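Chains, contacts and geometry: an overview
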Amino acid sequence: MDAPEDDLDIKLQKISGDLIADFDKSLLPFLRKQNAAKKGAGTVRSRVRARETERLVSSLLDPFQELPQLLDPHLPKWLPALGDAFLEYHLLANNTPPVHTEQQQQLLVPLPRAICRLLYTFCKIRGEKVVVRFLSNEARYLELLLTALEDAEKRVAAGEQLSGDGGSYSSSGAWTWEERYIVLLWLSHLMLAPFDLSTMSSQEEMEGEGEEGADETGARVTRAVPGLRWPAGLPSIATRIVPLAIKYLAAPGKERDASKALLVRLAMRRDMQQLGVLDALVHWALEALRPGDAVERTPYHYIGVLSFLAGVLASSADTSDMDRYLTTIFHCVHSVASEGNNAGSMMASALARKTMIKVIRSVAVLILRNQQDMEGMEIVETTIGFLLESLADNDTPVRFAASKALSVITLRLDQDMASQVVEAVLESLNRNVLRTKKTADATVVAKKDLSMVDPLEWHGLMLTLSHLLYRRSPPADNLADIVQALLMGLSFERRSTSGSSTGSNVRDAACFGIWALARRYTTAELLTVPTSSFTTETTAGASILQVIATHLVAAACLDPSGNIRRGSSAALQELIGRHPDTVEEGIFVVQTVDYHAVALRARAMQDVALGVTKLSRQYGEAVLDGLLGWRGVGDVDTASRRAAGISYGMITAELSATDPNPIHRLMQSTSLVLSHLRSLETRQVEERHGLFFSLAAVLDALPAAAGRQESTLFDGLAQRSLDALIEILTDCNTKTYRKPELLAEAASRLIISSYPVLQAVTSAGSILMPGHSLRSRSGDELAKMVESVGARSEKLSAFVALVSSNLQKWLVWPEIDIINAASEAAVVLMIFCTNAERDEAIRGWADAARARQSSKTRTTSGHFSALAAVYPLASTLALEQDKTLICDAITERWRNDTSTDTRACILQSLAGSDVLRQNVRLFSDLLGEGLDDYTTTARGDVGSHVRFAALRATRSLWERLDDDLDTRTQIMSTLFLRILRLAAEKLDRVRAEAQAALAAVLKPAQAAILRKLTFSSTAYFVYLLDLLDQDWLHPAVSEVKGDVGKWMDALMAGIVSSADTGNEELVIATRAALCAFCERSSAARDAVCTSLVRNLKAWQGTDRVLVPTLEVLAFLFHVGVFADCCGVNYKNLCLQVQKACYKTGNVRKIEACIRVYGAVADLNRNAKPGPDAAAVSGGDDLLKKQEGIREARTRLGALLFHPWPRVRSTVVDELWVLHRDDPVAQALKSVHWGKAEKAKIKAVVEALGLASAG
């Protein structure tokens, strides 16, 4: 998993200033009416726009969730303004204007609702404890807020439907949850007032335990709360708050948190305790926790009650207010938790179980605060046992709560009992852990097999250890076992039956534990920890700090999870920073394994791992060991396994470069890979795939080490490698694996990397080269390699036969990765083949490429790439028949197979190859057909794949053409206009590739400018339009400018697709570019307009270009560009439009034709004042324009009789625009033209002067 390259917090820091300024500027006008007379803000608004509220919340505030502290300087200004506006709204009476329609209710929201949504957003970003401090704490607002909440409740209960002038909210009168949450939170804040509630209550106290009373208006107020015994003499505020708070204590939303805080604050007030409120609420809560048969309770009810108990217990941490209830609360809650499934919906909720843990933890902490008796110790021991069981809970929040509770309780225990808790946790970690020893060497430490452990329990146990270390509960002499457990957790991994990882949370907890260990314990204490039980050969004799650092480096470089890599980097920085001069190259390690550097996994695996290996060998050895495990070659992600293989080779090369015996180091790495390969089961295809890549990377390092070692050692390594290659290829040839495509790719890469091995066993004294360098070699160089091959041994002959046999199977796979690898492997095969074998192989591939495959067989796409790859060698060896054979096979298949998949594969194989560069004239027509492929099927525009591949091939050809000016001019002239058209077409993928191809034929300075332009911007399309008049092109393309008409026709054929059928932003940018270009000069305008008219005739029958051309014509008429064009025969234009519209079933085309007719018919109305048209353009042009107008009106009249209702309605819309000032046009109104009779239509046509169309 890779973290994003550009972190969101960096982007937010860049734009935070603009967001804050915008919010600050918008807040006051949003809340209050502007008073121009007083030059300040006026009264608060009653309603605000819902869209503006959404903008303030979503666009301006929500982004700050990444960096909430950026808002802190502005909270003292914004939050009081919001709170004051909320209070002022409720202080004013009848301030809401009537809203009658549902649409108005959707567009406008009441001001308090908008304010509460903003306040909740601040709570979500910055936390409710921070936000509530800025709200007014004046006690006089207590009853105001309480009354507002009660009024909303009354309206809901009574089911009132507010009239236009009676209510202040929507027709339902109900508050949203944000309003209830903010008001309840505000009330809880006001409960901190130092005055007795009786002095703040405006109503008289309610005596006795009656359940009903009356408010100041005489309305009855119900105080009935099941199970609550009301104390006598309560102030009215208390009797009004308690029912509301208890009601929302069972709410499923955020109101539950606010009501809990309100109820806790009320119960813990000294005056309320004296009146018995705390006692009454605690007994009510304990009664409410016992599920009854009569009333069905929701899980949220129990969550609310438990959170209230946890709240009052936490609030009394420094007092003795709750001491008399501790035993009762513990037994009640623990009995419910012990019932398990019998507790019903309560235990089914993870949040309820988490809150139970909080309650039990608070009880145990309060008991431990005082001198413990036997009953208290029993409660503490029971609590610890319960928490240890909860560490294996299925839900993560419960495990978090249990681990934290254990650490808090352990901190308050005496040393002996705390040690017992730590030992219990460590003992649980060793449960179901198996020890395996694969060698007979007694000195080798047995490895631990964690396949039988419960990953959820391990997560809880690891969290507990981490919290204990964070609070420094374990003594220093117990750290050895704890560190060993943390290091096991750092490399822990388990996968579910579906393949998803269930071990990342364990590794995350281990990172936290190591960070806490480094932070809480001194260097002297850590250096005394023995390491003999868990050190490896590479870390033998190292201190515990060095061992931890080495494991953290491996985790930071290799872990699949970005959070773990960054967490390991942070823990490493803490370790080295807190304990200086204890880790080898500590400062440089921190700089290399940087928090941001390890965000991208590929970079962490290769660049960071290589950098830290250069600092010390022990880090490289640790990374190598990890690469051969589940974090490297055993990863489920294919790309990660490829990166792991490359990293294995890079680190091996670096270690061998610093080793006095480099070949021995390479042999060690090779032996490790081969031993892992031989231990794999047949089903372990992914691991085999990764190990193949690792072995290939090691073989790529052979040329660098060959010159620094004795030849005998190197020859031994080469022979051993060749034996391993033969064994691997034999296995691939004879066995059937689960995912053969993976092994086909990896084994092909292994064949490529085997080239230096094959050189060593056949070409004595030659300079070894890595196999991947062959693709950049010319035909002459490849021919010399063939000549340098000596006599083939029996092993080499077997190797060549195996490669040939396997390639026959691998070249039929359609995946591009396999095709690229197999085609490069074919070059290696050609070098070590005999002439007869080489000729036979090429002919076989040519026959396979020439034959058209049936739908049930795989495509032969790999054979095209293989033939293109071996063409340089075949052409240099003067095998003319092979050269002709390869070209004929490709061209014949192109002619006989019109499948877009096949054609795309052919063009992909030609891109960048010598077969295309040396046969330009032969393949130029093929490239042209590919650039013009617009095949459309049920899958969509599948021809775009062919166009894309043709663009890449053309670009590679233009970049590598020889200095033959005639050939260069011919190929560029043939393909340039097609590239120009594609550079302006609507598909982003094709347009971007065409932009790159077009830059290849520009002068260097202009090519750089074009590459910088965004391919969907207005500037980009203006640049394309300017190419004709500017001297920006390569001289070989200059001849294309000779025919201006063809240039503009090709460019406009592409631009109209972007200007009509592209995405919205592309349409806007393209049309803006057209208008800007046409406004420069009359010549530019005429060139565009006449080109569009020519395209109407040239593309008749091709709706892909014809319909967008009609739409762009109508647009240019609409903006006044086309009306000023000279040299356009409008009557001929109408005839071309009529031809496009004739007998077509394309409704969109007909509508476009109607819009063009309407635009031509409206030419006189839109004519700009100026010189007489006859004097400027001549009388003939004016006459032709009038004929065009008459023809357009005639065609509109004819289309009004069209049998399709939608077409007739479109015609009526155009006629209304034409005749809107004519009294006769009133006949167009109040008629359903989709159902109108023919006589009615004929009468309107005659009335509008379109009678000739009848």
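Residues numbered from 1 in each chain as written. Predicted model: local features only at pLDDT ≥ 70, side-chain atom pairs only at ≥ 80, totals over all residues. Heavy atoms only, no water.

Structural notes on the nonpolar core
Of all hydrophobic cores here, the largest spans 421 residues; its most connected members are Ile329, Trp845, Phe976 and Trp1047. Here the element with the most residues in this core is helix 17 (residues 350–369); it accounts for 12 residues. Residues within four places of Trp1047 in sequence aside, it is in contact with Phe976, Leu977, Leu980, Leu1027, Leu1028, Leu1033, Val1040 and Lys1041. (Core = buried A, V, L, I, M, F, W, Y, C linked by side-chain atoms within 4.5 Å. Buried < 20%, exposed > 50% of the residue type's maximum accessible area, 1.4 Å probe, protein only. Helix = DSSP H or I, 4+ residues; strand = E, 2+ residues; numbered from the N terminus. Contact = heavy atoms within 4.5 Å.)

Here's the deal with the UniProt feature "repeat: HEAT" (unreviewed entry) in the protein chain
UniProt's entry tags residues 383–420 with the feature "repeat: HEAT" (unreviewed entry), counted in the numbering of this structure. When the span residues 383–420 is considered, its composition is 79% helix and 0% strand, and the gap between its end C-alpha atoms is 14 Å. (UniProt positions renumbered as here; feature names shortened; annotations may be inferred.)

Focus: the packing of aromatic side chains
This structure, assessed with the given rule, holds 17 aromatic pairs. Measuring from centroid to centroid gives 6.3 Å for Phe1117 and Tyr1130, while their planes differ by 50 degrees, and the two rings are tilted. Separated by 13 residues along the polypeptide, Phe1117 in helix 54 (residues 1103–1118) and Tyr1130 in helix 55 (residues 1130–1141) bring together distant segments of the chain. Each member of the pair Phe1117 and Tyr1130 is classed as buried. The ring of Phe948 has Arg989 lying over it, and the distance from NZ or CZ to the ring centre is 3.8 Å. Between Arg1104 and the ring centre of Tyr934, over which it is positioned, the NZ or CZ distance is 3.6 Å. (Phe/Tyr/Trp six-rings, centres within 6.5 Å; stacked < 30°, edge-to-face > 60°. Lys NZ or Arg CZ within 6 Å of the ring centre and 35° of its normal.)

Points about the packing of helix 48 (residues 988–999) against helix 49 (residues 1004–1012)
Between two packed helices, both the angle of their axes relative to each other and the distance between the axes serve to describe the pair. Contact geometry for helix 48 and helix 49: axes closest at 9 Å, N-to-C directions at 170 degrees. In terms of orientation, helix 48 and helix 49 fall into the roughly antiparallel class. Between helix 48 and helix 49, the residues in contact are Gln995, Leu998 and Ala999 and Ala1007, Leu1010 and Arg1011, respectively. (Axes fitted to C-alpha atoms, helices over the stretch in contact; angles between N-to-C directions. Parallel < 35°, antiparallel > 145°, perpendicular 65-115°, else oblique.)

Examining the side chain of His689
For His689, the location among the structural elements is in helix 32 (residues 685–700). Separated by 3.1 Å, the side chains of His689 and Arg641 make a polar contact. Leave out the neighbours within four places in its chain, and His689 touches Thr638, Arg641, Arg642, Leu742, Leu743, Glu745 and Ala746. (Polar contact = N/O pair within 3.5 Å; in protein donor to acceptor, adjacent residues only side chain to side chain.)

Focus on the confidence of the model for the protein chain
Residue-level pLDDT values for the protein chain average 84, and 88% of them are 70 or greater. Taken as a whole, residues 206–222 scores under 50 in pLDDT and shows 30 contacts with residues more than four places along the chain or in a different chain. Note on residues 1168–1177: pLDDT is under 50 here. Beyond four places in sequence and across chains, it has eight contacts. (pLDDT = per-residue confidence, 0-100.)

Things to note about the packing of helix 14 (residues 299–315) against helix 17
Following both chains from N to C, one finds helix 14 and helix 17 inclined at 25 degrees, their axes separated by 9 Å at the closest point. Viewed along their axes, helix 14 and helix 17 adopt a mutual orientation that is roughly parallel. Taken as a pair, helix 14 and helix 17 cross one another with a handedness that is left-handed. Only Leu351, Ala352, Thr355, Met356, Lys358, Val359, Ser362, Val363 and Leu366 of helix 17 make contact with helix 14, whose side of the interface consists of Ile303, Leu306, Ser307, Leu309, Ala310 and Leu313. (Left-handed = near helix turned anticlockwise from the far one by under 90°.)

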